[in-house]
Amino acid sequence: MIFLGFTGGGMGIAWQPMSNFKSSLMPGTTVEVKVNRLMMSFSNKVAPPVNFGMNINYYSGYLGVTDAAGAKISDGNGYGIDWAMTYRAHPNITFAVNLLNSPASVSWSSYGADKPPVIVTTGARVKLSGLLTVSVDEENRKYRKARDYDGKKNIKIYHAGIEQSLLNVIFLRGG
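Residues numbered from 1 in each chain as written. Predicted model: local features only at pLDDT ≥ 70, side-chain atom pairs only at ≥ 80, totals over all residues. Heavy atoms only, no water.

Peer 1: I tried to follow the overall build of the chain on my own but got confused; where do I start?
Peer 2: The helix and strand inventory of the chain stands at zero helices and 12 strands. Reading the chain from its N end, one meets helices and strands in the order β-β-β-β-β-β-β-β-β-β-β-β. Dimensions of the chain, computed from the C-alpha atoms along their principal axes, are close to 60 × 30 × 25 Å. Counting every position in the chain, which comprises 175 residues, the buried fraction comes to 24%. Taken as a whole, the chain presents about 11600 Å² of accessible surface, with 63% of it coming from carbon and sulfur. Charge separation in the chain, taken as the distance between the mean sites of 18 positive and 11 negative side-chain charges, equals 6 Å. (Helix = DSSP H or I, 4+ residues; strand = E, 2+ residues; numbered from the N terminus. Buried < 20%, exposed > 50% of the residue type's maximum accessible area, 1.4 Å probe, protein only. Areas by Shrake-Rupley, 256 points an atom, 1.4 Å probe, with all protein chains shown as cover. Lys, Arg positive; Asp, Glu negative; His and termini not counted. Charge placed at Lys NZ, Arg CZ, Asp CG, Glu CD.)

Following this line, the structure appears as structure tokens:
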């Protein structure tokens, strides 16, 4: 499962695993990062076709490094605030923009504070039938400093997918 949420009355709560990464970056060294996000969400109808929303996020996780000298494990906790706006151009066509992690910070017990990337996503979705939706979006990640492993500070990611609704209660996504 990559997301679990419950919504109703313009509010919601959700859980999402953000990272479950384990890798050997160099011979004899293993790095493991596990981070989860708990969210409380609110939305408000600004005008009939426009909605505004906000997430308040709590991050919790750990970072472990194992090498010849031993193991070092660091606990991390932090916060983030996300903003979103949707515009419904037609009952079956919606456009959206999201601003994630603005502001945000995570403090690690052994490594100090870190700021997650600010993510701007723009996209659209088209509802083809009562139970099938197609969506596309562009995600722009802006890191505060160049990433160690590739030197990039800005990254663009494109997504496309379909969503199948079961009784408008359970949603299955693929893309």
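From this point, the narrative continues.
Peer 1: It is not clear to me how the environment of P49 should be interpreted in this structure. Could you clarify?
Peer 2: Residue position: P49 is located in the loop between β3 (29-47) and β4 (50-67). In the structure, P49 is positioned 41 residues away from H90 in sequence and 8.5 Å away in space, judged by C-alpha atoms. Ignoring sequence-local partners within four residues, the contact set of P49 consists of T86, Y87 and R88. (Contact = heavy atoms within 4.5 Å.)

Peer 1: It is not clear to me how a positive patch on the surface should be interpreted in this structure. Could you clarify?
Peer 2: Residues K45, R88, R125 and K127 make up a contiguous surface patch of positive charge. With respect to the element layout, R125 can be found in strand β9 (residues 118-127). (Patch = residues over 30% accessible without salt bridge, like charges linked within 9 Å, V, L, I, M, F, W, Y side chains within 5 Å. Salt bridge = Lys/Arg side-chain N within 4 Å of Asp/Glu carboxyl O.)

Peer 1: What should I look at first to understand the nonpolar core in this one?
Peer 2: The nonpolar side chains of a soluble globular protein tend to be buried, and buried together. One finds V31, V33, V35, Y59, L63, V106 and W108 forming the largest nonpolar core, which totals seven residues. Element by element, the count of residues in this core is highest for β3, at three residues. (Core = buried A, V, L, I, M, F, W, Y, C linked by side-chain atoms within 4.5 Å.)

Peer 1: How do you make sense of unusual backbone geometry when you look at a structure like this?
Peer 2: Glycine aside, residues mostly have negative phi angles, and peptide bonds mostly take the trans form. Of note, the amide linkage connecting S102 to P103 takes the cis form, showing an omega dihedral of 5 degrees. Along the polypeptide, P103 turns up in the loop between β6 (93-100) and β7 (104-108). Unlike most non-glycine residues, N101 shows phi in positive territory, near 60 degrees. With respect to the helices and strands, the residue N101 is situated in the loop between β6 and β7. By relative accessible area, N101 is classed as buried at 7%.

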